[in-house]
Each structure stands twice: as structure tokens, then as C-alpha cells.
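Chain by chain, the residues run as shown.
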Amino acid sequence: MLFAEIILLAIICYYLIYILLWLILDCNVRLWWSLYFGTSISKLKGQVIWITGASSGIGRALAIVLAKHGVKLVLSARRADRLESLKEECLQVGKAVLKDHDILVLPMDILKVTEHKQQLDKILEHFEKINLLVNNAGRSQRAHWEDIAIQVDRDLFELDVFATLHLSRLVVRYFLDTATEYRGHIACTSSVAGMAIVPFSASYCAAKHALNAYYHTLAMEHRSIDVTIFNPGPVTTDFLKEAFTALPDEKFGRETNERYRMTAERCAYLYATALANKLQLSWCGRFPVNLMCYVTRYSLLTMVMNWFITPQRMQKVRDGEA
């Protein structure tokens, strides 16, 4: 009887500790563990990593973190001038190991899918290989469900899902063709909105849920390819300025409230750690984002939202205001 009581007590303590970590950490437990006991970001040194949406926000911060650890980079976005500036900063932080040839500026509009193969060929011509694609390009949304024009749904899915998938499939086919040489790695910047339903972003939530499903399926179908799905919560970037609304060709245009948001630098460091440790699913965000993700994973979010969390409260959490 005493043995059974000890086992029961151990189980209770285990789950209490886990719940405590849900409350105090700014990322999931496995990612937090990897920060201190997992593979160092330096293990990525010398690899060729292609980052889309690299000119600002999480993509830009991730490029700088990786450059510090000697990663060879391909930087893609529409704004070539920002990419050139980022390249100079990456060369500065990685000056001990990186040379000019180790960072390729590759301007592209990811929506122009007919040009994706040409862009990949340029990378292979320059580096002769690619180890990891980070699909980071995308936009958020703020709109009431009933007001959203169907064209906005289409435009958001074209950018956040379909263009990303088209590029990923090209790279996946390349990985499969070169599987005997090295193991390929595909990553995507998703969102906690791809795990939990949040109000006033219906198209965005749907797109991120779809994106997560696509990449989970990729991981299931091709065990020879590493897949990382990274889901950040509110981060201090210009994301809200560029966000879709309910109307086509309109931007939300709102300044970011930094008070309750994770910094882009912290998010990028966690992202790089997830990549180095090849974590399939991870997330990050200041309280209560981590708790919200865990509750969702255990299928309790609907009950909690109905009982305790109003849409207005959830929106404040989403926008980093509470």
C-alpha cells in the first residue's frame, strides 16, 4: 500500500510541476528543456538556411541569431534594400566565421510561384546545396467574422498557405532526390492561432490551422525529412501594420503595443533552438499564451473560454495588451 501511495504522490507532483511550468515559462516545456540540456544552436554552423520574410520581424531576428552561430544564409523578401542592410548586420555579428559569399540576398515575392524554381536554382548554383528552408513570410488579420470579404480569405490563404506550400514542395522534392547525401529540414512560422481559436481573425486562424495540418502530414509521410512547426504568440514586430482586415487591399495599420509582447530577439532565439533540436512542434509567448496552448493540446480550451474567457479578453491577450 505504501508503494502505491508513493507512486500516486509522484504522479501528482509530476503534474503539479508541469502545470507550474505552464504558468511561468514563455515556451513549451520541451523547448525550454532544449535551451539548457539540448543541442546548441552552434550545431547549425556551416549549414545553408533559406529564410523567407527575412526583411523584418521574426525572420530578421532569426537571421541575426543564426549568423552569430556561423550559419550560411539565404535572405528572401520583397524589399531588397532591407535585405542588403540585414546582410551587413549578419556579417558583422558573424564576422569570425562568415564571409560575404556566405550570405546570399535573394529578393522575391513569394506569391509569384512560377519564379520559385528559379530562386531555388540560384541558391543551388551559389551554395550547391540547401539544408533548411524556413517559411516565415506571411500576414496576420484583424476583422469581424461576418464582415470578411471572400476575396480576403482567398488572398490570405494564397500568401500564408498556398505560396508557402508550393515553395516547400519544391524543396522537399530536392531533399528527397538528395536523401543519400544529407537529411533535409523544413520549418514554418505558424502561430498560436494555428493551435487555439482566437476571435476576430477567422481567415488567419483557418490558414494557420491548415498550415499546421499540412506540415504535420509532411512529417508523417516523410520520416527522412525533419519538420519544425513553430507557433509564436504576440511578438513585438510590425505585424499589425501589415495585417489583413475584412476588406481586400486594406491593411490594419496599427502600431504594436510592446507591453505584453515577447521581443523578436527572444522569439528568434527560441526558434533557432527549436531548429537546432529538430523539434516538430513548439510554441512561445508571454503569459497566458503558454498555458493557452497546453489547454488547447488537451482539448479543454473551448470549456475554459466558455466559462472564464470572453472574446474581448482573448483579443487583448492576442494583441499583447493583457
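That block above? That's the structure.
Conventions we followed
- Residues numbered from 1 in each chain as written.
- Predicted model: local features only at pLDDT ≥ 70, side-chain atom pairs only at ≥ 80, totals over all residues.
- Heavy atoms only, no water.
- 1 Å grid on protein atoms, 1.4 Å probe; cavity = no way out; pocket = protein on both sides within 12 Å on 5 of 7 lines; lining within 4 Å.
- Points joined across faces, edges and corners; volume = space filled by probe spheres on them.
- Helix = DSSP H or I, 4+ residues; strand = E, 2+ residues; numbered from the N terminus.
- Buried < 20%, exposed > 50% of the residue type's maximum accessible area, 1.4 Å probe, protein only.
- Polar contact = N/O pair within 3.5 Å; in protein donor to acceptor, adjacent residues only side chain to side chain.
- Contact = heavy atoms within 4.5 Å.
- Expected span 1.5 Å × (residues − 1).
- Phe/Tyr/Trp six-rings, centres within 6.5 Å; stacked < 30°, edge-to-face > 60°.
- Lys NZ or Arg CZ within 6 Å of the ring centre and 35° of its normal.
- Pairing = 2+ DSSP bridges.
- Axes fitted to C-alpha atoms, helices over the stretch in contact; angles between N-to-C directions.
- Parallel < 35°, antiparallel > 145°, perpendicular 65-115°, else oblique.
- Left-handed = near helix turned anticlockwise from the far one by under 90°.
- Nonpolar A, V, L, I, M, F, W, Y, C, P; charged D, E, K, R; others polar.

Caption draft 1: Representation of the layout of surface pockets. One number sums up the size of the largest pocket: a volume of about 1,200 Å³. When contributions to the lining of the largest pocket are tallied by element, the ones reaching two or more residues are helix 3 (57–68), helix 6 (150–177), helix 7 (202–221) and helix 8 (239–242).

Caption draft 2: How the structure looks around the side chain of Thr52. Of note, Thr52 is situated in the loop between strand 1 (48–51) and helix 3. Thr52 sits in the buried class, given a relative accessible area of 3%. Within the structure, Thr52 has its side chain in polar contact with the backbone nitrogen of Asn136 (distance 2.9 Å). Apart from residues lying up to four places away in sequence, Thr52 is in contact with Ser76, Ile110, Leu133, Val134, Asn135, Asn136, Ala137 and Leu167.

Caption draft 3: How the structure looks around helix 9 (residues 264–276). Here helix 9 spans 18 Å end to end across 13 residues, near enough to the 18 Å set by a 1.5 Å rise per residue. Within helix 9, burial applies to Ala264, Cys267, Ala268, Leu270, Tyr271, Ala272, Thr273, Ala274, Leu275 and Ala276. Directly beyond the C-terminal end of helix 9, a positive phi value near 55° is found at Lys278.

Caption draft 4: Quick peek at the packing of aromatic side chains. Taken as a whole and judged by the stated rule, the model has six aromatic pairs. Each ring, one from Tyr204 and one from Phe239, has its centre 6.4 Å from the other, and the planes form 70°; the classification is edge-to-face. Within this pair, whereas Tyr204 is found in helix 7, its partner Phe239 is found in helix 8, the two being separated by 35 residues in sequence. Tyr204 gets classed as buried once you look at its relative accessible area, which sits at 3%. Look at Phe239 and you get partly exposed, because its relative accessible area is 34%. The ring of Phe244 has Arg139 lying over it, and the distance from NZ or CZ to the ring centre is 3.7 Å.

Caption draft 5: Structural detail: the sheet that holds strand 5 (residues 185–189). Spatially, the seven strands line up as an open sheet ordered 3-2-1-4-5-6-9, and their pairing is parallel. Two strands bound the open sheet, and with one partner strand each, they are strand 3 (103–105) and strand 9 (281–284). For this sheet, the mean inter-axis angle between neighbouring strands, taken without regard to orientation, is 15°. Where strand 1 and strand 4 (residues 132–135) come together, three bridges link them in parallel fashion. The partner of Ile49 across the bridge, within strand 4, is Leu132.

Caption draft 6: Up close: the packing of helix 5 (residues 116–127) against helix 6. Orientation of helix 5 relative to helix 6, taken along the N-to-C sense of each, is 45°, at an axis distance of 10 Å. Overall, the two elements helix 5 and helix 6 adopt an arrangement that is oblique. Handedness of the crossing formed by helix 5 with helix 6: right-handed. Contacts from His116, Lys117, Leu120 and Leu124 in helix 5 reach Ala163, His166, Leu167, Leu170, Val171 and Tyr174 in helix 6. Broken down by class, the residue content of the contact of helix 5 with helix 6 amounts to seven nonpolar, two polar and one charged.

The analysis is restricted to geometry; functional conclusions fall outside its scope.
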